[in-house]
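Analysis of the macromolecular model
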Amino acid sequence: MSWLLALPFLLPIATALATFPARGRGSLCGIISVLGCVLMLGVAISIVALVEISGPTAVQMGEWTAPFGITLVADRLSAIMLLISALVGLCVSLYSLSDIDDCRIKLGFHSFFQLLLAGVCGSFITGDLFNLYVWFEVMLIASFALLVLGGDRIQLDGGVKYVALNLVSTLLMLTSIGMIYGLTGTLNMAQLHISLASVDNPVAISALAVLFICAFGIKAAIFPLFFWLPASYHAPPVAVTAVFAGLLTKVGVYALIRTFTLIFPTDLGFTHNILLGAALLTMLTGVLGAAAQYEFRKILAFHIISQIGFLVLGLALNSPLALAGSVFYMVHNIVAKTNLFLISGTAQRLTGGYELNEIGGIYKASPLLSIFFFIAAFSLAGFPPLSGFWAKLLLLKASLDQAAYLVAAVALITGALTLFSMSKIWAEVFWKGHPKGYCSSLYALPRKERFQRLLPVALLALITLGLGLVPEPFIDYSLDAASELLEPKGYLDAVLGSESAQYTGNH
Amino acid sequence: MEGPLAIVVGILIATGVYLMLARDLLHYLFGLVLISNAANLAIFIAGRLTRAAPPLVPKGLEVPPMPIANPLPQALILTAIVIGFGLLAFALALIAQAYKVLGTLDVDTMRIAEPAAPKRKRKP
């Protein structure tokens, strides 16, 4: 049992090591990578089951007891994030078999991809702030490598901006971790929950909270810290963009949620006001930025930003329903967003480009792909009965419950503008004829490639449909996850042992 | 000892920020290097500076008999230095490659990924 919680990062690291010597032989390397992801999915499912049966579970690495050693903790939020990351990993690794060229595979694409997954999963499972920093760096260095792998001019140009701004976030995070250690003498997140409550220095705590917002805000791409994202996300091959879009920014949001529910006292009013303002502006700027774009991937990249606003909104509203909305939204958004990028890659394969006015005609040539796009895109825009509708509904209900009408209005406007962008893509890429009239059909692709490109897209579209048609178990799960976040007693007990109960009385 | 070191951290960060505001990418990177050192130094100060014995527990004892230095910040800084070294080495290599391929390090002229005015053809 104790090894189970370590497997989410040990397994991808092992797969990365296994794929590296095999990188010269493309197909073998790809098979190892996909197999690793299948195993990873199994691990994630068993962790979800474990947490569902026995509540939050913790493991002390090397038998060093809690505030001193490194703790791995899985609660409902961690478990569902692991599951969805494993799923995205599997889909993208399958898709990458036909999307990534031999040159990039020889340079070690699959190894970096698995290391990226290790960093993402490590961040979700760790219960220690410094360890979180280390996993962030594993993820970051792997994403640097993936972004510039191949070394095209556009990749280097985007990569420089991505690296430059993300290094700043790294330094901010490191500094704030140092400061919080100086203030409390511990870096264990559960212990911090207890220790920080007894620190009588509101100024220092507020300053720290803002530092953490900036550090994680750059990673999560919230307003006004998102400029690295539209500068770089359209540069690499689309499989890389898909996994970035699905997972990287969400790790930042996860870190924000974890920090501001567990570590910092939740009644710290003004940080939540900052988060609320940032969330609203993120939603609006993202969606307006997308409206101005005429390139498939750039539109989607700006929509990542606007969706991040919704995720942070749930945290900022800080009620059980709002947090549940965030969790549900996160799952829905990771699935839909990854799928949209995968579809954009296949659309480029069929039509030969990404610029909306240079391509078209997919609906006529391959209606199946159009249906998958329809599901993902209109779920993102919040159409009933797709998953995005329920996600937006939860957040809207939460904001109306708090009489935050402005918030609700902004959310609705953002939804409408999302619909505008998605219809723009639908009309230009799928409905209108190809300006040069040579859109090829999916059946023109080799059988193997068709399978590798369509299976992940179909799987993700089915999940979106499932989340939308049978939302109740998932909403219940999100509500449970939210109540765990707001009442972290189970988490504290799991990490620190049941004697933590005596401390929590101080709150 | 905290006071002077805090001032050193301040100077490092100020210099770093000044360098990072330059248009030249290499200056930006040097600024990052300075700030990363400042962050490490800040962690070091945050762990309390004491004149104390090394944190070793003599054989047969459970607790050290005299006050010892706090080993944790040093372990954290070592980790952070290694990670920072890796990241900055990568950034330097990337900048070198970017200079080779793009022929400039002036960030104002690096607009390949984000062209200044996107071409918008009217539909026929």
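Residues numbered from 1 in each chain as written. Chains lettered and ligands numbered in written order. Predicted model: local features only at pLDDT ≥ 70, side-chain atom pairs only at ≥ 80, totals over all residues.

**What to know about the overall build of chain A**
Within chain A, the regular secondary structure consists of 22 helices and two strands. With respect to the three principal axes, the spread of C-alpha positions in chain A is 70 × 55 × 40 Å. A total of 507 residues make up chain A; the buried ones form 62% of that total. (Helix = DSSP H or I, 4+ residues; strand = E, 2+ residues; numbered from the N terminus. Buried ≥ 20, exposed ≤ 12 C-beta atoms within 10 Å, placed from the backbone.)

**Points about the overall build of chain B**
Looking only at helices and strands, one finds three helices and zero strands in chain B. Across chain B, helices and strands are ordered from the amino to the carboxyl terminus as α-α-α. Projecting the C-alpha coordinates of chain B onto the three principal axes gives extents of approximately 85 × 30 × 30 Å. Within chain B, the proportion of its 124 residues that are buried is 24%. For chain B, the share of sequence-separated contacts (at least 6 apart) that also reach a separation of at least 24 residues comes to 52%. (Contact = placed C-beta atoms within 7 Å.)

**A word on the packing of helix α14 (residues 320–351) of chain A against helix α20 (residues 472–486) of chain A**
All names here are of chain A. Two elements in contact, α14 and α20, have axes whose closest approach is 8 Å; the angle formed by their N-to-C orientations is 120°. On the basis of the axis angle, α14 is oblique to α20. α14 and α20 meet at a crossing whose hand is right-handed. Of the residues in α20, those touching α14 at Pro320, Leu323, Ala324, Val327 and Phe328 are Phe474, Ile475, Ser478, Leu479, Ala481, Ala482, Ser483, Leu485 and Leu486. Of the residues in the contact of α14 with α20, the class split is 12 nonpolar, two polar and no charged. (Axes fitted to C-alpha atoms, helices over the stretch in contact; angles between N-to-C directions. Parallel < 35°, antiparallel > 145°, perpendicular 65-115°, else oblique. Left-handed = near helix turned anticlockwise from the far one by under 90°. Nonpolar A, V, L, I, M, F, W, Y, C, P; charged D, E, K, R; others polar.)

**Points about the UniProt feature "transmembrane region" (unreviewed entry) in chain B**
Residue and element names in this part refer to chain B. Under the present numbering, the feature "transmembrane region" (unreviewed entry) in UniProt falls on residues 6–22, 29–49 and 75–96. Overall, residues 29–49 shows 86% helix and 0% strand. The separation of its end C-alpha atoms is 30 Å. Helix and strand shares over residues 75–96 are 100% and 0% respectively, and the end C-alpha atoms of the span are 32 Å apart. (UniProt positions renumbered as here; feature names shortened; annotations may be inferred.)

**Focus on the interface of chain B and chain A**
Tallying the contact residues gives 33 residues for chain B and 30 residues for chain A. Elements supplying a minimum of two residues to the side of chain B that touches chain A: α2 (25–46) and α3 (71–102) of chain B. Taken together, the residues that form the side of chain B that touches chain A break down as 24 nonpolar, five polar and four charged.

**Things to note about unusual backbone geometry**
Across the chain, the bulk of peptide bonds are trans and the bulk of non-glycine residues have phi less than zero. All names here are of chain A. Here the residue pair phenylalanine 223 and proline 224 is connected by a cis peptide bond, since its omega of -5° sits within 30 degrees of zero. Relative to the elements of secondary structure, proline 224 occurs in the loop between α9 (202–220) and α10 (228–232). The linkage connecting proline 384 with the following residue, proline 385, adopts the cis geometry, with an omega of 0°. Note on placement: proline 385 falls in the loop between α16 (367–380) and α17 (387–401). For alanine 221, which is not glycine, the phi torsion reads 65° and is therefore positive. Summarising the element assignment, alanine 221 is placed in the loop between α9 and α10. Judged by local crowding, alanine 221 falls into the buried class, with 26 C-beta atoms found within 10 Å.

**Let's talk about the packing of helix α6 (residues 129–148) of chain A against helix α7 (residues 153–184) of chain A**
Residue and element names in this part refer to chain A. Between α6 and α7, whose axes approach to 10 Å, the crossing angle comes to 175°. As summarised for this structure, α6 and α7 are arranged roughly antiparallel, according to the angle between their axes. Contacts between α6 and α7 involve Leu129, Phe130, Tyr133, Phe136, Glu137, Leu140, Phe144, Leu147 and Val148 on the former and, on the latter, Gln155, Leu156, Gly158, Gly159, Tyr162, Val163, Asn166, Thr170, Met173, Leu174, Ile177 and Ile180. Of the residues belonging to the contact of α6 with α7, the class tally is 15 nonpolar, five polar and one charged.

**A closer look at the pairing of strand β2 (residues 71–74) of chain A**
Residue and element names in this part refer to chain A. Side chains of β2 alternate between two faces, with Thr71 and Val73 and Leu72 and Ala74 buried alike. Looking at chain direction, strand β1 (residues 57–60) and β2 are connected through four bridges and run antiparallel. Each bridged residue has a counterpart across the sheet, and for alanine 58 the counterpart in β2 is valine 73. (Pairing = 2+ DSSP bridges.)

**Re helix α18 (residues 405–431) of chain A**
The first and last C-alpha atoms of α18(A) sit 37 Å apart over 27 residues, in line with the 39 Å expected at 1.5 Å per residue. Turning to α18(A), its buried residues number three or more, namely Val407(A), Val410(A), Ala411(A), Thr414(A), Gly415(A), Leu417(A), Thr418(A), Ser421(A), Met422(A), Ile425(A), Val429(A) and Phe430(A). (Expected span 1.5 Å × (residues − 1).)

**Considerations on the environment of Ala409(A)**
All names here are of chain A. Of note, alanine 409 is situated in helix α18. Residue class for alanine 409 comes out exposed when judged on the 12 C-beta atoms lying within 10 Å of it. Sequence spacing of alanine 409 and leucine 396 is 13 residues, and the spatial spacing of their C-alpha atoms is 9.0 Å.

**Comments concerning the confidence of the model for chain B**
Interpretation of the predicted coordinates at a detailed level should be avoided for regions scoring low in pLDDT. Residues and elements named next belong to chain B. Here chain B averages 86 in pLDDT, and 94% of its residues register 70 or above. Put simply, α3 is where chain B has its lowest mean pLDDT, 91, and helix α1 (residues 2–20) is where it has its highest, 93. Scored as a whole, the predicted complex attains pTM 0.93, and scored at its interfaces, ipTM 0.89. (pLDDT = per-residue confidence, 0-100.)

**Notes on helix α19 (residues 447–469) of chain A**
All names here are of chain A. In a regular helix each residue adds 1.5 Å, so 23 residues correspond to 33 Å; α19 covers 31 Å between its end C-alpha atoms and thus fits that length. The largest bend in α19 comes to about 25°, at leucine 454, with the proline proline 456 one to four residues further on. Among all positions of α19, only Arg453, Leu454, Pro456, Val457, Leu460, Ala461, Ile463, Thr464, Leu467 and Gly468 are buried. Looking at the buried positions of α19, the neighbouring elements they touch are α3 (76–99), α14, α16, α17 and α20. (Bend = angle between axes of the 7 residues up to and from the residue.)

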